[in-house]
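As a plain string of letters, each chain reads:
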Amino acid sequence: MSSVTEWAKPNPVTENRSGIIGKAVDRYEGPLKVTGTAPYAYEVEPPTPAAYGSLVLSSIARGRISAIDTAAAEAAPGVKLVWSHRNVPAQAERAKTLDFWSAQPNPALESDRVRYFGQPIAVVVADTLENARAAADLVKVSYEAEPASVDFANSLDEARDPPGESDTLVGDFEGAFAEAPVQIDDVWTTPIQNHIQMEPCATTAWWEDGRCIVHTSVQMVRRTAQSLAMTLKLDKDAVLLRTRYIGGGFGGKGSSYDDLTLAALASRELNQPVKIAYTRQQMMLATIHRPATHMHVRLGAERDGRLTAMSLMTTTHCHRSGAFTEHASNFARSLYAAPNRLTGHRLVKLDLPHAGAMRAPGEAPGMLSLECAMDELAEKLGIDPVELRIRNEPEVDPETGKPFSLRQLVRCMKEGAQMFGWDRRLPRPGQVRDGRWAVGMGMAAAIRGNFLLPAKASFTLDPNGTVTVRQGMTDIGTGTYTVLAQIAAETMGVPLSDVRVEIGDSEMPPAPGSGGQFGAATAGSAALAAGVNLRKAVAELATSDEGSPLFGGEPENVVFQDGVIAIGNRSESLATLITRTRPDGLTAEGEIRPAEDARNWSQHTYGAHFCEVGVDTVTGEVRVRRMLGVFAAGRIINHKTARSQLTGGMIWGIGSALHEVNAVDPRYGSLIAQDMASYLVPVQADVGEIEAIMLEEADDKANPMGIKGVGELGIAGAGAAVANAIYNACGVRVRDYPITPDKLL
Ligand code: MOS
């Protein structure tokens, strides 16, 4: 294991006295979730009975609403209000440019402009959901339609540099590529994909003494609360946002949507709690999606496999009013050594719903190109794909020259190859048959950036000896509750059963939320700091209290274990100490900020995927038989929740290779798939044996515990391993994802 920073001595977590850190402990909130008693946003019981909202969406892609007839809806049974741009209450204006990272007003129904098919244009609130939906169907809308641009594949020549971005060019790419004795020059495409979270976007809102209380399903607590306060022109403190349980986010809930704005406004208007949820169909249209990509890879290599020239140029699309860019080329800047390099992005503006971040934005589609190009190059050169990658392993970041904080990619590939039985792979495709199945193996590397953001947390020790963690953090299903409980138990020397975790509240110490696989490292580092501070406070309290058996001792010598503090054979329980000295409890806050030298390192998480598929030679159906991922992602706090993140990502990678696609109806600019019957994701039968192995490591440049992220690493490269296995099985290279049976026959 790598050395761990001497950040704080004694560092209770690096000592890991009780062994709770790293253990595969069960989910803290698991029993509530599996018994259906965890109240998700729509299920929260407001203080008085709620009214229910239903959204009406636009049915053109671009133009304006020329007339809207709400009379029938208003007269329908149980209807309390019908709002459109004509009568929605005043809100703050939308910012000119959408910015994912900062709080911005998010007004609903604000004008007669229609900017995409599926834009919310009216809301009906009624006494029951059924009445609201029935009345919403009665709203009649006429449009003045304008020509809309919705066809990405035929708009590639309209692509421009994303605002404020330019290509990275190192050396003389074009010259080196032209001279390279072995070349790869191919285009890969990926389609629009949707997040399909189990829980839709949903809000329950009410008002108390001029304060807006909202329970909503979002990834970011503080920013969303601020955004709502801005939209409603309220003081920051006038919005209390709660998001206790979240049924999946994946980037799709990094922003908030009109359920939040309209539930807050309507509950104020009606002086009654209001619930609004998107339907599955509305989720597909009226939230965000991952945009399609067109990726051009050019590789030039010497005959010994060394890359001399490497280029990945991505063209993608976003909404006409936005600037979101799927940075599918970024990962290539740090993955392989090559003296001459060119990477960049182009953006086409379309009148489709908003493109945005979806799990491992950039890497998820990006690695589906370069990692298959490397497979093609390996075959051309007659070099094993693992060996080809090892020959191009850089010593420092190949574009910035910065040292890597910790890079164990080669170890992931070597250990994975051994565990998987990679040496049994026959390099020539189409050599292995199992009845009518053609069987093959493929591999791909994985890389995904690692980040730490500023965060706070508090720990409170109560007279009964329990420790309560409080943090304005979210758990989108990733395991935040559980890892915070583990860190609290370890730092305070109490059993897990004596830890309470309270998160998802805008009044708690702020944390950035869940996204970019920074959640556990960021939230956990703040929690560690809170724990260290609370230990210090407890030790000082005990050694300075005449009533304590520890009185007069040195605070640094106090040992915390099993709910007891001790110096030598003098001891008392935490409960006794706090009951006697702090009957209201003892609280300490902790804070983490990125280290000042954080930017001096090229810091990533790494992995290697190995996959065996069968391709049905009659039907073209692909079944993943075995898949193994070996990952180097820093210290793992919980092997169960981390494994779930990694295998979940790998399964998503299988989906991106084989199943997931949405398409645009060019007549309307609508996304065609609007439910899970038409948008396919892998099911049990599509996923054979699957395993994720995590290497023992701790990255001392990442944060005091050496934690990195795993939430997005698992999908990075996974689909490329599937595609490469398909080629090895049957000799067909499909570069337009997903690899559906029709493309293999
Ligand atoms: Mo994410 S796709 O950064 O939640």
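Residues numbered from 1 in each chain as written. Predicted model: local features only at pLDDT ≥ 70, side-chain atom pairs only at ≥ 80, totals over all residues.

**Student:** Help me understand the sheet that holds strand E9 (residues 202-208), please; the structure alone is not making it clear to me.
**Tutor:** Picture the strands of a sheet paired through backbone hydrogen bonds; they go either parallel or antiparallel. One open sheet holds the 7 strands; their spatial order is E3-E5-E1-E12-E9-E10-E11, and the pairing between them is mixed. A single partner strand is all that each edge strand has here, and the edge strands are strand E3 (79-84) and strand E11 (239-242). The mean inter-strand angle of the sheet, taken between neighbouring strand axes irrespective of direction, is 20 degrees. One ladder, built from 4 bridges, connects E9 with strand E12 (residues 274-277); its direction is antiparallel. Looking at E12, one finds that Ala 205 is bridged to Val 274. Contacts from helix H7 (residues 258-270) reach strand E1 (51-57), E3, strand E5 (120-126), E9, strand E10 (211-216) and E12 within the one sheet, and its direction differs from that of E9 by about 30 degrees. (Pairing = 2+ DSSP bridges. Helix = DSSP H or I, 4+ residues; strand = E, 2+ residues; numbered from the N terminus. Axes fitted to C-alpha atoms, helices over the stretch in contact; angles between N-to-C directions. Contact = placed C-beta atoms within 7 Å.)

**Student:** How do you make sense of the environment of Arg 428 when you look at a structure like this?
**Tutor:** Tracing the chain through its elements places Arg 428 in the loop between helix H12 (409-420) and strand E16 (432-434). Take Arg 428: there are 8 C-beta atoms within 10 Å of it, and that puts it in the exposed class. Sequence-wise, Arg 428 and Leu 156 are 272 residues apart; in three dimensions their C-alpha atoms are separated by 36 Å. (Buried ≥ 20, exposed ≤ 12 C-beta atoms within 10 Å, placed from the backbone.)

**Student:** Explain the domain arrangement of the chain here, please?
**Tutor:** For interface size, the figure often reported is the accessible area lost on association. According to the domain assignment, the chain consists of domain 1 (41-58 + 62-147 + 201-277), domain 2 (293-451 + 599-744) and domain 3 (454-593). Computed over C-alpha atoms only, the centres of domain 2 and domain 3 are separated by 39 Å. For the side of domain 2 that touches domain 3, the class distribution of residues is 8 nonpolar, 6 polar and 3 charged. (Domains from an automatic or database assignment. Nonpolar A, V, L, I, M, F, W, Y, C, P; charged D, E, K, R; others polar.)

**Student:** Would you mind going over the sheet that holds strand E18 (residues 455-461) with me for this structure?
**Tutor:** Overall, mixed pairing links the 4 strands, which are arranged E20-E19-E18-E24 in an open sheet. Of all strands in the sheet, those with a lone pairing partner are strand E20 (499-503) and strand E24 (586-592), marking the two edges. Between one strand and the next, the sheet's axes are offset by a mean angle of 20 degrees, whatever the strand orientation. Taken strand by strand, helix H14 (residues 519-543) contacts E18, strand E19 (467-471) and E24, and its axis lies near 140 degrees from that of E24.

**Student:** Mind showing me how you'd approach the nonpolar core here?
**Tutor:** Taken as a class, soluble globular proteins show a tendency for nonpolar side chains to be buried jointly. Residues Leu 484, Ala 488, Ala 527, Phe 631, Val 722 and Ile 726 are the most contacted members of the largest nonpolar core, which totals 143 residues. For this core, the leading source of residues is H14, giving 14 residues. Of the domains in this structure, domain 2 (293-451 + 599-744) and domain 3 (454-593) are the two that each give at least three residues to this core. If near-sequence neighbours (up to four positions away) are discounted, Leu 484 is found in contact with Val 469, Gln 471, Val 501, Ala 523, Gly 524 and Ala 527. (Core = buried A, V, L, I, M, F, W, Y, C linked by C-beta atoms within 7 Å.)

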